[in-house]
Amino acid sequence: MLKELLDTNHCFKLVCGAGNEDIEEIKKLVYVYASAGCRFFDLSANEDVIAAARDALDMARVYDAYLCISVGIKNDPHVNKAVIDYNRCVNCGSCEGVCPQGAIHYAKVKKYKCIGCGKCWKVCSRAAISYVSEEKNLDEVLPAIVEKGIDCIEFHAMGNDEDEIEAKWKYINDNYEGILSICTSRGKLSDEAIVERIKKMTENRKPYTTIVQADGFPMSGGEDNYKTTLQAVATAEIIQNSKLPVYLMLSGGTNTKTTELAKMCDIRYCGVAVGSFARKIVKRYIQRPDFWTNPRILTDAVEAVKPLIDSVIL
Ligand code: SF4
Ligand code: SF4
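This structure is a prediction, so every number in the text was calculated from the model and none was measured.

Each value, and the rule that gives it
Residues numbered from 1 in each chain as written. Chains lettered and ligands numbered in written order. Predicted model: local features only at pLDDT ≥ 70, side-chain atom pairs only at ≥ 80, totals over all residues. Heavy atoms only, no water. Helix = DSSP H or I, 4+ residues; strand = E, 2+ residues; numbered from the N terminus. Polar contact = N/O pair within 3.5 Å; in protein donor to acceptor, adjacent residues only side chain to side chain. Contact = heavy atoms within 4.5 Å. Salt bridge = Lys/Arg side-chain N within 4 Å of Asp/Glu carboxyl O. Buried < 20%, exposed > 50% of the residue type's maximum accessible area, 1.4 Å probe, protein only. Near = heavy atom within 4 Å. Nonpolar A, V, L, I, M, F, W, Y, C, P; charged D, E, K, R; others polar.

*Asks:* How should I be thinking about the side chain of Ser133 in this particular structure?
*Replies:* Locating Ser133 in the fold gives a position in strand E7 (residues 129-133). In this structure the side chain of Ser133 is engaged in a polar contact, spanning 2.7 Å, whose partner is the backbone nitrogen of Asn75. A polar side-chain atom of Ser133 sits 2.6 Å from a polar atom in the side chain of Glu135. Non-local contacts of Ser133, meaning those with residues more than four positions away in its chain, are made with Ile73, Lys74, Asn75, Val79 and Asn80.

*Asks:* I would appreciate a short explanation of the pattern of salt bridges in the present structure.
*Replies:* Where charged atoms of side chains with opposite charge meet at close range, the side chains can pair. Taken as a whole and assessed by the stated rule, the structure comprises 19 salt bridges. Lys200 serves as the salt-bridge partner of Glu166, at 3.5 Å between the closest nitrogen and oxygen. Here Glu166 is found in helix H7 (residues 162-175), whereas its partner Lys200 is found in helix H8 (residues 191-202), with 34 residues between them in sequence. Glu166 sits in the partly exposed class, given a relative accessible area of 48%.

*Asks:* So what exactly am I meant to see when it comes to the site of ligand 2 here?
*Replies:* Around ligand 2, the surrounding shell holds 14 residues, and the nearest of these are Cys99, Cys114, Cys117, Gly118 and Cys120. Within the shell around ligand 2, the residues separate by chemical class into 10 nonpolar, 3 polar and 1 charged.

Listed below in structure tokens is the structure:
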């Protein structure tokens, strides 16, 4: 049971990316991280992505792992996709150079790879990049996914549209009985508003059936330092101080320093979810054309990710 893993307070979750529908990348990420000891995986709400993750777990002979799918409200950064305006674009290549997902090639965006991180937008001096929200229609995707079996649904609710949040949260609660996760950050909400929202969202749920993911800076975790992870710990403290009966998970800018900083700040977390940093440290291995044929690559990739996983699970 996922609950047992959360109760250990040493749960490491690999975040593949709510918008990441790159099947081959998902398969390799899950294979490497499962082989290295990860037992909780966060995936896009896409049946093919889930099937790829299950294949990878079978290949790694890991049979005690848990899958979470992520859904979001309109304009939550996790469900945004970059779009280029070719009336403005001068094909300078700057966006391609910074994209952590390799989602831009010759000023064309491969949507299935884009995770909406915003890095391309920041470097475009021509203001040629904007975002479209591609949030999933829950009626269309959830029933089939829930029927096939998952262990958690994560709801990204970083926005101010209370009606949409309420309606989608109700739909999820009415259609899924397992553990739910709420991903929240200080980006658009005051500290008080975060607590009020979580209180409202959990008032009808049983104690400790909800994870609250304290998302520091969403999708910011490229570096392995305290500064990057500071906001995740600060956000977690706000949720902890609310004393709500929820599992508290750190995310957003998380890295190998996260647990150390959280312990120093007396944060009692159930685990740490790592996305950008986790994907970055394994990128050079999973991009290799001989990944599936050269056993040495998997060994090296596992070695590369072990310190990150161990910083949480040990
Ligand atoms: S950075 Fe802007 S101008 Fe340059 S290639 Fe990308 S979209 Fe075009
Ligand atoms: S930089 Fe981020 S937002 Fe831009 S295309 Fe790449 S993944 Fe998408």
